[in-house]
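Inside the fold
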Amino acid sequence: MQESELLDIYQSFRKGMEAFFQLPALPRTLKPKRASISARLATSLRPYFPANVNIDTDLLGTDILVWDENGLILALFWSSSYLAKKRKLSAISFHEREKTPLTLACSLFPGKNHFLVYRIENGFIDYLHVDKNTFSEDVLRRCTIDEGRRNPDQLLLPLKVRRKKVTS
(Lines give C-alpha, C1' and ligand atoms only; values in the text may rest on other atoms or scores of the structure.)
Protein backbone atom coordinates (compact mmCIF):
# COMPACT_ATOMS: atom_id res chain seq x y z
CA MET A 1 0.00 0.00 0.00
CA GLN A 2 1.31 3.43 -0.92
CA GLU A 3 2.20 6.03 1.69
CA SER A 4 -0.58 8.35 0.46
CA GLU A 5 -3.17 5.60 0.99
CA LEU A 6 -1.90 5.01 4.54
CA LEU A 7 -2.15 8.72 5.18
CA ASP A 8 -5.73 8.76 3.86
CA ILE A 9 -6.66 5.87 6.18
CA TYR A 10 -5.10 7.63 9.15
CA GLN A 11 -6.86 10.91 8.29
CA SER A 12 -10.20 9.08 8.12
CA PHE A 13 -9.45 7.64 11.56
CA ARG A 14 -8.59 11.11 12.93
CA LYS A 15 -11.80 12.64 11.57
CA GLY A 16 -13.81 9.77 13.01
CA MET A 17 -12.17 10.25 16.40
CA GLU A 18 -12.98 13.96 16.30
CA ALA A 19 -16.63 13.03 15.70
CA PHE A 20 -16.47 10.43 18.51
CA PHE A 21 -15.18 12.95 21.04
CA GLN A 22 -17.91 15.42 20.04
CA LEU A 23 -20.62 12.92 20.99
CA PRO A 24 -22.27 13.61 24.33
CA ALA A 25 -20.39 11.90 27.13
CA LEU A 26 -22.15 9.00 28.76
CA PRO A 27 -23.24 9.74 32.35
CA ARG A 28 -21.01 8.16 34.98
CA THR A 29 -24.01 6.23 36.28
CA LEU A 30 -24.11 4.27 33.01
CA LYS A 31 -21.47 1.59 32.77
CA PRO A 32 -21.43 0.84 29.03
CA LYS A 33 -20.18 -2.51 27.87
CA ARG A 34 -17.14 -2.65 25.63
CA ALA A 35 -19.35 -3.49 22.62
CA SER A 36 -21.33 -0.29 23.16
CA ILE A 37 -18.24 1.93 23.03
CA SER A 38 -16.95 0.00 19.99
CA ALA A 39 -20.28 0.60 18.24
CA ARG A 40 -20.06 4.33 18.99
CA LEU A 41 -16.51 4.41 17.61
CA ALA A 42 -17.50 2.48 14.47
CA THR A 43 -20.48 4.78 13.89
CA SER A 44 -18.19 7.81 14.22
CA LEU A 45 -15.70 6.36 11.73
CA ARG A 46 -18.31 5.33 9.11
CA PRO A 47 -18.80 8.72 7.36
CA TYR A 48 -15.06 9.15 6.76
CA PHE A 49 -14.51 5.96 4.77
CA PRO A 50 -15.79 5.23 1.24
CA ALA A 51 -19.19 3.54 0.88
CA ASN A 52 -17.63 0.26 -0.34
CA VAL A 53 -15.67 -0.11 2.91
CA ASN A 54 -17.06 -2.29 5.70
CA ILE A 55 -16.61 -1.44 9.37
CA ASP A 56 -17.22 -4.26 11.83
CA THR A 57 -16.83 -4.56 15.58
CA ASP A 58 -15.40 -7.45 17.57
CA LEU A 59 -14.09 -9.34 14.56
CA LEU A 60 -10.92 -11.51 14.43
CA GLY A 61 -9.88 -10.32 17.90
CA THR A 62 -9.99 -6.61 17.07
CA ASP A 63 -12.35 -4.04 18.52
CA ILE A 64 -12.99 -2.50 15.10
CA LEU A 65 -11.98 -3.86 11.72
CA VAL A 66 -12.18 -1.83 8.50
CA TRP A 67 -12.05 -3.83 5.28
CA ASP A 68 -13.17 -3.99 1.66
CA GLU A 69 -13.28 -6.59 -1.11
CA ASN A 70 -9.49 -6.33 -1.50
CA GLY A 71 -8.74 -7.14 2.14
CA LEU A 72 -8.09 -5.52 5.48
CA ILE A 73 -7.52 -1.77 5.69
CA LEU A 74 -7.40 -0.85 9.37
CA ALA A 75 -7.45 -2.77 12.65
CA LEU A 76 -8.34 -0.81 15.77
CA PHE A 77 -7.85 -1.84 19.39
CA TRP A 78 -8.91 0.49 22.20
CA SER A 79 -8.86 0.84 25.95
CA SER A 80 -10.36 3.39 28.33
CA SER A 81 -7.03 3.70 30.12
CA TYR A 82 -3.49 2.76 29.18
CA LEU A 83 -3.24 -0.27 26.94
CA ALA A 84 -2.32 -3.40 28.90
CA LYS A 85 0.80 -5.29 27.81
CA LYS A 86 -1.29 -8.23 26.62
CA ARG A 87 -3.51 -5.95 24.50
CA LYS A 88 -0.52 -4.17 22.97
CA LEU A 89 1.10 -7.50 22.10
CA SER A 90 -2.23 -8.65 20.60
CA ALA A 91 -2.28 -5.58 18.35
CA ILE A 92 1.31 -6.21 17.22
CA SER A 93 0.62 -9.91 16.59
CA PHE A 94 -2.55 -9.14 14.65
CA HIS A 95 -0.70 -6.59 12.51
CA GLU A 96 2.03 -9.06 11.62
CA ARG A 97 -0.25 -12.08 11.16
CA GLU A 98 -2.93 -10.40 9.03
CA LYS A 99 -0.61 -7.97 7.21
CA THR A 100 -2.96 -5.07 7.89
CA PRO A 101 -1.60 -1.89 6.28
CA LEU A 102 -2.36 0.10 9.42
CA THR A 103 -3.06 -1.10 12.94
CA LEU A 104 -3.95 1.39 15.64
CA ALA A 105 -4.44 1.02 19.36
CA CYS A 106 -5.92 3.86 21.42
CA SER A 107 -6.04 4.79 25.06
CA LEU A 108 -9.16 6.98 25.19
CA PHE A 109 -8.80 8.47 28.70
CA PRO A 110 -12.40 9.63 29.35
CA GLY A 111 -12.50 12.92 31.21
CA LYS A 112 -9.02 13.98 30.08
CA ASN A 113 -8.19 16.41 27.29
CA HIS A 114 -5.92 14.02 25.40
CA PHE A 115 -5.73 10.44 24.18
CA LEU A 116 -2.87 8.18 23.19
CA VAL A 117 -2.51 6.42 19.83
CA TYR A 118 -0.17 3.53 19.14
CA ARG A 119 0.28 3.52 15.34
CA ILE A 120 1.71 0.26 14.00
CA GLU A 121 2.83 0.35 10.37
CA ASN A 122 5.83 -0.33 8.13
CA GLY A 123 7.80 -2.11 10.87
CA PHE A 124 7.47 0.69 13.44
CA ILE A 125 5.30 1.70 16.37
CA ASP A 126 4.69 5.42 16.85
CA TYR A 127 3.33 6.63 20.18
CA LEU A 128 1.24 9.76 19.61
CA HIS A 129 -0.25 12.05 22.22
CA VAL A 130 -3.34 13.70 20.66
CA ASP A 131 -5.21 16.68 22.10
CA LYS A 132 -8.97 16.02 22.01
CA ASN A 133 -9.83 19.67 21.37
CA THR A 134 -7.34 20.69 18.69
CA PHE A 135 -6.28 17.23 17.49
CA SER A 136 -2.69 18.37 17.47
CA GLU A 137 -0.27 15.46 17.80
CA ASP A 138 2.99 15.06 19.65
CA VAL A 139 5.16 12.08 18.77
CA LEU A 140 6.30 10.72 22.11
CA ARG A 141 8.37 7.83 20.86
CA ARG A 142 9.10 5.71 17.81
CA CYS A 143 10.51 2.22 17.95
CA THR A 144 10.67 -0.87 15.79
CA ILE A 145 7.99 -3.50 16.24
CA ASP A 146 10.66 -5.84 17.63
CA GLU A 147 11.60 -3.27 20.28
CA GLY A 148 7.91 -2.83 21.12
CA ARG A 149 7.51 -6.57 21.53
CA ARG A 150 10.68 -7.00 23.61
CA ASN A 151 9.85 -4.05 25.84
CA PRO A 152 6.06 -3.94 26.07
CA ASP A 153 6.18 -2.01 29.33
CA GLN A 154 3.89 0.92 29.77
CA LEU A 155 4.81 4.02 27.85
CA LEU A 156 5.35 6.68 30.43
CA LEU A 157 4.34 10.17 29.47
CA PRO A 158 6.96 12.78 30.30
CA LEU A 159 6.00 14.74 33.38
CA LYS A 160 7.36 18.13 34.24
CA VAL A 161 10.07 17.89 36.85
CA ARG A 162 9.73 20.49 39.53
CA ARG A 163 12.96 22.01 40.66
CA LYS A 164 13.56 22.96 44.21
CA LYS A 165 14.44 26.58 44.75
CA VAL A 166 17.95 26.94 45.96
CA THR A 167 18.16 29.43 48.76
CA SER A 168 21.48 30.85 49.79
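Okay, so let's go over this structure.

What counts and what doesn't
- Residues numbered from 1 in each chain as written.
- Predicted model: local features only at pLDDT ≥ 70, side-chain atom pairs only at ≥ 80, totals over all residues.
- Heavy atoms only, no water.
- Helix = DSSP H or I, 4+ residues; strand = E, 2+ residues; numbered from the N terminus.
- Buried < 20%, exposed > 50% of the residue type's maximum accessible area, 1.4 Å probe, protein only.
- Polar contact = N/O pair within 3.5 Å; in protein donor to acceptor, adjacent residues only side chain to side chain.
- Contact = heavy atoms within 4.5 Å.

Our next topic: the overall build of the chain. Along its length, the chain carries four helices and seven strands. Going residue by residue from the N terminus, the α and β elements of the chain occur as α-α-β-β-β-α-β-β-β-β-α. Residues classed as buried in the chain amount to 41% of the 168 residues present.

Along the chain, T43 falls in helix α2 (residues 34-45). Taking C-alpha positions, T43 is 9.8 Å from D56, a pair spaced 13 residues apart along the chain. Separated by 2.8 Å, the side chain of T43 and the backbone oxygen of A39 make a polar contact.

Our next topic: the side chain of T103. Tracing the backbone shows T103 in strand β4 (residues 102-107). Side-chain polar atoms of T103 contact the side chain of H95, separated by 2.8 Å. For T103, the contacting residues outside a window of four places in its chain are A75, F77, A91, H95, Y118, R119 and I120.

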